[in-house]
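# Remarks on the overall topology
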Amino acid sequence: MIAVLRLGHRRNRDKRITTHCALVARAFGADKIIFSGEQDDAVLQSVSSLSKKWGGKFKASYESNWRKTIKAFKEKGVVVHLTMYGQPFNEVVSKIKNKNALIVIGAEKVPREVYDLADYNVAIGNQPHSEVAALAVFLYELLGRTPLQKEFRGWQKKIVPLPRGKKVINKFLRVIGA
Ligand SMILES: C[S@@+](CC[C@H](N)C(=O)[O-])C[C@H]1O[C@@H](n2cnc3c(N)ncnc32)[C@H](O)[C@@H]1O
């Protein structure tokens, strides 16, 4: 089981980027995302309606107490904090393959305590970039391309890949945009 904990969400500033963290988590093979920081029902709502439309079992929830979430997860798996200050990802991925993992990503300033609670502080290169990019690369390294190729069961809409143009099957209508 792979879960993502998104720390420090700010309703006004982070709506899009937090939603993108959830979209990446889902598409690259995580099972769920837990939002922390300011509660934002609009983000929860948009992730759950997207999952309903495009299928799969991905879940999103809110937890104000990130400390509790991290400590509880340590009972059943490893906690990996993505930060530019961490150790190279290639030194860690092989140690945690096939384990339950909670992947922690920040927004602005991540509290020092997170660095101490994490089993691994991991960098996707030691340059600053983005939690969306860091999460995508880390999940891809951990889970490979299989999640990107799988069918999300229970879909209402599904894309038919084409070299050019757009083709979407809508379960309740017909093929659109061919
Ligand atoms: C805008 S950055 C803030 C940078 C922050 N000072 C830090 O600790 O990395 C927001 C989040 O992106 C992720 N991030 C940014 N650069 C990263 C890198 N090179 N490797 C891993 N994660 C990174 C971290 O999860 C970070 O909390």
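Refer to the structure printed above.
Here we summarise the structure given alongside this text. (Residues numbered from 1 in each chain as written. Predicted model: local features only at pLDDT ≥ 70, side-chain atom pairs only at ≥ 80, totals over all residues. Heavy atoms only, no water.)

With that out of the way, let us pick up unusual backbone geometry. Generally, phi is negative for residues other than glycine and the peptide bonds are trans, each holding for most cases. Backbone geometry places Asn-98, a non-glycine residue, at a positive phi of 70°. In this fold, Asn-98 is placed in the loop between helix 4 (90-96) and strand 5 (101-105). In this structure Asn-98 comes out as exposed when scored by relative accessible area, which is 84%. (Helix = DSSP H or I, 4+ residues; strand = E, 2+ residues; numbered from the N terminus. Buried < 20%, exposed > 50% of the residue type's maximum accessible area, 1.4 Å probe, protein only.)

Contact geometry for helix 1 (residues 11-27) and helix 6 (residues 131-143): axes closest at 9 Å, N-to-C directions at 10°. Between helix 1 and helix 6, the interaxial angle falls into the category roughly parallel. Residues Ile-17, His-20, Cys-21, Val-24 and Ala-25 of helix 1 lie in contact with helix 6, whose contacting residues are Glu-131, Val-132, Leu-135, Ala-136 and Leu-139. Split into classes, the residues belonging to the contact of helix 1 with helix 6 amount to eight nonpolar, one polar and one charged. (Axes fitted to C-alpha atoms, helices over the stretch in contact; angles between N-to-C directions. Parallel < 35°, antiparallel > 145°, perpendicular 65-115°, else oblique. Contact = heavy atoms within 4.5 Å. Nonpolar A, V, L, I, M, F, W, Y, C, P; charged D, E, K, R; others polar.)

A few words on helix 2 (residues 41-54). Its 14 residues place the ends of helix 2 20 Å apart at the C-alpha level, agreeing with the 20 Å of an ideal helix rising 1.5 Å per residue. Along helix 2, the residues that are buried comprise Val-43, Leu-44, Val-47 and Ser-51. Seen along its axis, helix 2 keeps its buried residues to an arc of 100°; they face one direction. Exposed residues on helix 2 whose side chains face more than 90 degrees from its buried face are Asp-41, Gln-45 and Lys-52. Residues of helix 2 that are buried sit in contact with strand 1 (2-9), helix 1, strand 2 (32-37) and strand 3 (59-62). Of the residues one or two after helix 2, Gly-55 is the one with positive phi, at around 90°. (Expected span 1.5 Å × (residues − 1). Arc of directions from axis to C-beta.)

Turning next to the sheet that holds strand 1. Strand order in the open sheet formed by six strands is 3-2-1-5-4-6, with parallel pairing between adjacent strands. For this open sheet the edge positions go to strand 3 and strand 6 (120-123), each flanked by a neighbour on one side alone. Strand after strand, the sheet turns through a mean of 30° between neighbouring axes, direction not considered. Two strands pair when backbone bridges link them, and strand 1 and strand 5 are joined in this way by five bridges, in the parallel orientation. Residue pairing for strand 5: Val-4 is matched across the bridge by Ile-103. This element, helix 1, spans strand 1, strand 2 and strand 5 of the sheet and lies at about 170° to strand 1. (Pairing = 2+ DSSP bridges.)

The next thing to look at is the site of the ligand. The local shell around the ligand holds 20 residues, among which Leu-82, Ala-107, Ile-124, Gly-125 and Gln-127 are the closest. Between the ligand and Leu-82, the relevant distance is 2.6 Å, taken from an oxygen atom to a main-chain nitrogen or oxygen of the residue. Within the backbone of Gly-106, one N or O atom sits 3.2 Å away from an oxygen atom of the ligand. Across the complex, the protein chains shield 86% of the 540 Å² of accessible surface that the ligand would expose by itself. Placement of the ligand is best described as lying within the largest pocket. (Near = heavy atom within 4 Å. Polar contact = N/O pair within 3.5 Å; in protein donor to acceptor, adjacent residues only side chain to side chain. Areas by Shrake-Rupley, 256 points an atom, 1.4 Å probe, with all protein chains shown as cover. 1 Å grid on protein atoms, 1.4 Å probe; cavity = no way out; pocket = protein on both sides within 12 Å on 5 of 7 lines; lining within 4 Å. Sits in = over half its atoms within 2 Å of the grid points.)

Distances and angles like these do not, on their own, reveal function.
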